[in-house]
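Reading the structure
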Amino acid sequence: MAVRDDELPYLRRCVELAAEALEAGDEPFGSVLVSGDGTVLAEDRNRVASGDRTRHPEFELARWAAAHMTPEERAAATVHTSGEHCPMCAAAHAWVGLGRIVYVASSEQLTSWLAELGVSEPPVRPLPVSAVARRHRGRAGARTDRGHRRVAPAVPPAGRLTRPAPGSGRRGGPEGGGVFP
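Residues numbered from 1 in each chain as written. Predicted model: local features only at pLDDT ≥ 70, side-chain atom pairs only at ≥ 80, totals over all residues. Heavy atoms only, no water.

**Looking at the confidence of the model for the protein**
Put simply, the rule is: On a range of 0 to 100, pLDDT expresses the predictor's confidence in each residue. Only heavy atoms enter the contact rule, under which two residues are in contact if any of them lie within 4.5 Å.
Summarising the model, the protein shows a mean pLDDT of 79, and 73% of its residues fall at 70 or more. Note on residues 136-175: pLDDT is under 50 here. Beyond four places in sequence and across chains, it has 87 contacts.

**Points about the pattern of salt bridges**
Oppositely charged side chains can pair when the atoms bearing their charge come close. Short version of the rule: Salt-bridge detection follows one rule: a side-chain nitrogen of Lys or Arg within 4 Å of a carboxyl oxygen of Asp or Glu. Secondary structure elements follow DSSP: runs of H or I no shorter than four residues count as helices, runs of E no shorter than two count as strands, and numbering proceeds from the N terminus. Note on exposure labels: buried denotes an accessible area under 20% of the residue type's maximum, exposed denotes more than 50%, and partly exposed covers the range between, all computed with a 1.4 Å probe on protein chains only.
Counted under the stated rule, the structure contains eleven salt bridges. Across the salt bridge formed by R13 and E43, the nearest N and O atoms sit 2.6 Å from each other. You can see R13 sitting in helix α1 (residues 8-23) and its partner E43 sitting in strand β2 (residues 40-45), a full 30 residues away along the chain. Judged by its relative accessible area of 23%, R13 is partly exposed. Between R53 and E27 there is a salt bridge, with the nearest N and O atoms lying 2.9 Å from each other. Of the two residues, R53 is situated in the loop between β2 and α2 (57-68) and E27 in the loop between α1 and β1 (30-34); the sequence distance between them amounts to 26 residues. Relative accessible area serves as the criterion here: at 52%, R53 is assigned to the exposed category. With relative accessibility at 30%, the residue E27 sits in the partly exposed group. Residues participating in the shared-partner salt-bridge network are R4, D6, E7 and R100.

In structure tokens form, the structure reads like this:
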């Protein structure tokens, strides 16, 4: 499954939110929760500079969805995000029963960029969403694990938020961007 043209405005908004986070002294991540009919329901940016390292936008949107949406609405919704969910956020996404995840940069791509920049590794191992979460479908308890589908080439954020994939000679790379599931 590929990123659809009608999803690009949501991804652009994620990049804008990531830029806002960076300008506020946070790490550059932003996310938008979109209903099954395409309505933007909620959005947030990273807020970890407060000292609470769990203040990821994907986690906040999962909490918001649990409080404001029915299970059916959550399953039909899509989380658009600047970076693939970390394990904490992927677990929250799965526990709440949210639908698709569409992201600009993969965990693999982000890890590569951080290593190139000499940034130390985080305390939690970066894993692909598919290694953490299963997609909930249908009635409660019914699950499928259809795996992770990547989009190539990536559509990386613009400007200072990105770095070229090492040795690629281009922006992004086949390891970046994607849709789950």
